[in-house]
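Listed below are the residues making up each chain.
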Amino acid sequence: MPRFRTILDTMPAYKPGKAVTTPDGRSYKLSSNESPYDPLPSVVEAIAEGARQVNRYPDPGAIKLTEAIAERFGVPFEHIALGAGSVTVAQQLFETVGEPGAEVVYAWRSFEAYPLLADLSGTTSVRVPLADEQHDLDAMAEAITPETRMVFVCNPNNPTGTAVRERELVAFLDRVPQDVLVVLDEAYREYVRDESVPDGLTLYRDRPNVCVLRTFSKAYGLAGLRVGYLVGHEPVATAVRKTIIPFAVNHLAQIAAIASLKAEDELLERVDAVVKERTRVRETLIAQGWTVPPTEANFVWLRTGERTMDFAAACAVEGVAVRPFEGEGARVSIGDPEANDAFLKAAGAFLKG
């Protein structure tokens, strides 16, 4: 029998969102925070044209895509590092700091990949409990020790949707030692409408120990192609680029991301539609009697506790797949109006039952 790392005996596998289908064929996947819209025609056309070159390796440096990101956000080319989705860039970050004794601080519950990536990289997770479904930044600052190498702030937070405001985030950053890297994980930035929630790209510029994670999977609708990126000062971006697997961002992904940036105005109209549905869904849930924290992402969070798996099963009866976290709560993505109505029907019936 081959011998493997002992950590593999205790760490759970990542659980992606699943789909469910009723006997009569109803299926609404609200478990993975995906865009409910098909790719834009201009993006599909670019992908189709790019398919003619898939016999060739992709540009290993993704030069054109990096240039497009740099131009779009007004950041230096050298400040950008790419990966196959922001979760892979996060894995690269863990690899840059991971060694025995190193600690990484993050809120909990937050993005479920953090503990898995920490375990795989050999770093020690320091989980700081949420307070009222939000980051407790004071407690996170107090959790930093001389062994701390990195801190993750998921903003908006996955799975609660809550967001950290600028004043409290700046105060937190001022408390973090300069040799500790702070990662602002902003996978859902495009859905933010609260003007008090800062754009990490404005905060990182004069803070060499701060970097920002973004993705094309959510608002840009490219979850199936896997494109994510980091923006940070050159030493950070350089370290992350050293850990990337060669050709990680494939040819079609690079082409689709560039085309999406060109079609950003049209894409963001779709984001506006999701935000309107988000408001409708949350207000309806509250009217039904649910407690739903304010959300700045493309999902809502229900603290269902010990009834979480029963709630997920009740939603599945209506053909709605949600993302349950057993014993804690359920995260429900915002879909199209039909999918949202099916979910609201299930949620209302569950409370009455």
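The following paragraphs examine the structure supplied in this document. Keep in mind it's a predicted model, so treat the numbers as computed, not measured.

**Description of the pattern of salt bridges**
Okay, step 1: Scanning the entire structure with this criterion turns up 19 salt bridges.
Okay, step 2: Of the charged contacts, one joins D174 and R207 as a salt bridge, the two residues approaching to 2.9 Å between their closest N and O atoms. Taken together, the residues span a long stretch of sequence, with D174 in helix α6 (residues 166-175) and R207 in the loop between α7 (200-203) and β7 (210-215) at a distance of 33 residues.
Okay, step 3: By relative accessible area, which is 54% here, D174 ends up exposed.
Okay, step 4: For R278, the salt bridge goes to E296, with nearest N and O atoms at 4.0 Å. Of this pair, R278 sits in helix α10 (residues 264-288) while E296 sits in the loop between α10 and β9 (299-302), placing them 18 residues apart in sequence. Like R278, the residue E296 is buried in the burial classification.

**Some words on α6**
Okay, step 1: Those residues of α6 lying buried are L169, F172 and L173. Here the buried residues of α6 occupy an arc of 100° about the axis, which is enough to place them on one side. Opposite the buried face of α6, at more than 90 degrees from it, the exposed residues are R167 and D174.

**Describing the side chain of T304**
Okay, step 1: By the secondary structure assignment, T304 is in the loop between β9 and α11 (308-317).
Okay, step 2: Engagement of the side chain of T304 in a polar contact is seen with the side chain of T308, the distance being 2.7 Å.
Okay, step 3: Among all residues touching T304, those that are not within four sequence positions of it are W290, F311, E328, G329 and A330.

**So, the packing of aromatic side chains**
Okay, step 1: Applying the stated criterion across every chain, the model contains 15 aromatic pairs.
Okay, step 2: Centroid distance F216 to Y220: 4.9 Å. Interplanar angle 55°. Geometry classified as tilted.
Okay, step 3: On the basis of relative accessible area, F216 is assigned to the buried category, the value being 1%.
Okay, step 4: With 6.3 Å between their ring centres and 15° between their planes, W290 and F350 make a pair best called stacked. Taken together, the positions of W290 in the loop between α10 and β9 and F350 in helix α12 (residues 337-352) put the pair 60 residues apart, joining distant regions of the chain. The same class applies to W290 and to F350, which are both buried.
Okay, step 5: Grouping aromatic residues by their ring pairs yields a cluster made of F94, Y106, W108, F111, Y114 and F152.
Okay, step 6: The ring of F325 carries R323 above its face, with NZ or CZ at 4.6 Å from the centroid.

**Side note on the sheet that holds strand β12 (residues 329-333)**
Okay, step 1: Strand order in the open sheet formed by three strands is β9-β12-β11, and the pairing between neighbours is antiparallel. For this open sheet the edge positions go to β9 and β11 (323-325), each flanked by a neighbour on one side alone. On average, each strand axis in the sheet is tilted by 20° relative to the strand beside it, whichever way the strands run.
Okay, step 2: Pairing between β9 and β12: four bridges, direction antiparallel. Opposite W301, over in β12, you have R331 as the bridge partner.

**What about the pairing of strand β6 (residues 181-185)?**
Okay, step 1: Most of β6 is tucked away: five of the five residues are buried.
Okay, step 2: Across the two faces of β6 the burial is the same, with L181, V183 and D185 and V182 and L184 all buried.
Okay, step 3: Summarising the sheet, strand β5 (residues 148-154) and β6 pair through five bridges and their orientation is parallel. Residue pairing in the sheet places V153 in a bridge with L184 of β6.
Okay, step 4: After leaving β5, the chain enters α6 and then returns to the sheet as β6, a path that is right-handed.
Okay, step 5: The sheet contact formed by β6 and β7 spans four bridges and is parallel. Each bridged residue has a counterpart across the sheet, and for D185 the counterpart in β7 is L213.

**Focus on α12**
Okay, step 1: Taking 1.5 Å per residue as the helical rise, α12 with its 16 residues ought to reach 22 Å, and the 22 Å between its terminal C-alpha atoms agrees with that figure.
Okay, step 2: For α12, the complete set of buried residues consists of A339, N340, A342, F343, L344, A346, A347, G348 and F350.
Okay, step 3: Looking at the buried residues of α12, the elements they touch are β1 (28-29), α10, β9, α11, β10 (320-321) and β12.

**Brief notes about unusual backbone geometry**
Okay, step 1: The step from N155 to P156 runs through a cis peptide bond, and the omega angle for that step is 0°.
Okay, step 2: Within the element layout of this structure, P156 appears in the loop between β5 and α6.
Okay, step 3: The step from N158 to P159 runs through a cis peptide bond, and the omega angle for that step is 25°.
Okay, step 4: Among the secondary structure elements, P159 is positioned in the loop between β5 and α6.

Quick notes on the rules
Residues numbered from 1 in each chain as written. Predicted model: local features only at pLDDT ≥ 70, side-chain atom pairs only at ≥ 80, totals over all residues. Heavy atoms only, no water. Salt bridge = Lys/Arg side-chain N within 4 Å of Asp/Glu carboxyl O. Helix = DSSP H or I, 4+ residues; strand = E, 2+ residues; numbered from the N terminus. Buried < 20%, exposed > 50% of the residue type's maximum accessible area, 1.4 Å probe, protein only. Arc of directions from axis to C-beta. Polar contact = N/O pair within 3.5 Å; in protein donor to acceptor, adjacent residues only side chain to side chain. Contact = heavy atoms within 4.5 Å. Phe/Tyr/Trp six-rings, centres within 6.5 Å; stacked < 30°, edge-to-face > 60°. Lys NZ or Arg CZ within 6 Å of the ring centre and 35° of its normal. Pairing = 2+ DSSP bridges. Axes fitted to C-alpha atoms, helices over the stretch in contact; angles between N-to-C directions. Right-handed = clockwise from strand over helix to strand, strands pointing away. Expected span 1.5 Å × (residues − 1).

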